[in-house]
Amino acid sequence: MPPKGTTKKKAANDGSTTHTPTLAEQLSYLHSPRPFKNPNYTKNANRRTKNLKTVLGQEREKERVERERRRQERDNQAMDIFEVKKELAEVDEEISTYLSIEAPPSVLPQRHYCDITGLEAPYTDPRTGLRYHDKSVYELIKNLSPSAAKDYLAARGVNPVVR
């Protein structure tokens, strides 16, 4: 006995039936115009992607060429050799890039952290000098013994002076 549903006869397609779009086709944006795209854009087939090592190498090369160009400009001005070396050292110290670790000190104020929790500490206990995050930590600090407060200060690297 054949499985159910296999004995259905297919209707002959005489061309008079039209395709009714599904809900997904009705809601699709595939055929709607895209005004944000440039219709005259053609992709450059010769362009290739570069890996990180190549990009960093090219950046180093650009910096080296720029330093060389500056050095030649200074040499062309007929400056004394000692002044050229001094200015080159000053310029190299001033330039900070993504490749160099050296950077000038921050202009922002130094952040203070709670000695108990490690969270940011906007408050300082006047009696012990311990920094704290909120009032619950302050309650704990008030109950600390002087030796425990000294230990917390020593852990921060402060010379402990507890009154």
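Residues numbered from 1 in each chain as written. Predicted model: local features only at pLDDT ≥ 70, side-chain atom pairs only at ≥ 80, totals over all residues. Heavy atoms only, no water.

Attention now goes to the overall build of the protein chain. Helix and strand content of the protein chain: five helices and two strands. Across the protein chain, helices and strands are ordered from the amino to the carboxyl terminus as α-α-α-β-β-α-α. Split into buried and exposed, the 163 residues of the protein chain put 10% on the buried side. For the protein chain, the accessible area works out to roughly 15,100 Å², and carbon and sulfur atoms hold 55% of it. (Helix = DSSP H or I, 4+ residues; strand = E, 2+ residues; numbered from the N terminus. Buried < 20%, exposed > 50% of the residue type's maximum accessible area, 1.4 Å probe, protein only. Areas by Shrake-Rupley, 256 points an atom, 1.4 Å probe, with all protein chains shown as cover.)

Here we come to the packing of aromatic side chains. Within this structure, the stated rule accounts for two aromatic pairs. For the pair Y123 and Y132, a centre-to-centre distance of 5.5 Å together with 25° between the ring planes defines the contact as stacked. Chaining the aromatic ring pairs together yields one cluster made of Y123, Y132 and Y138. (Phe/Tyr/Trp six-rings, centres within 6.5 Å; stacked < 30°, edge-to-face > 60°.)

Okay, the UniProt feature "domain: Vps72/YL1 C-terminal" (unreviewed entry) in the protein chain next. Summarizing the sequence annotation, UniProt attributes the feature "domain: Vps72/YL1 C-terminal" (unreviewed entry) to residues 112-141 in the numbering used throughout. Strand forms 13% of residues 112-141 and helix 23%; the C-alpha atoms that close the span are 17 Å apart. (UniProt positions renumbered as here; feature names shortened; annotations may be inferred.)

Scanning all chains against the criterion turns up eight salt bridges. Between E66 and R69 there is a salt bridge, and its shortest N-O distance comes to 2.3 Å. Here the residue E66 and the residue R69 both occupy positions in helix 2 (residues 52-76), the gap between them amounting to three residues, near one helical turn. Sharing partners across several salt bridges, the network here consists of E66, R69, R70 and E73. (Salt bridge = Lys/Arg side-chain N within 4 Å of Asp/Glu carboxyl O.)

Quick look at the side chain of R131 now. In this fold, R131 is placed in strand 2 (residues 131-132). Buried and unpaired, R131 has D115 as its nearest opposite-charge partner, separated by 5.7 Å. The contact partners of R131, leaving out residues within four places of it in the chain, are H112, Y113, C114, D115, A121, Y123, T124, I141 and R156. (Lys, Arg positive; Asp, Glu negative; His and termini not counted. Contact = heavy atoms within 4.5 Å.)

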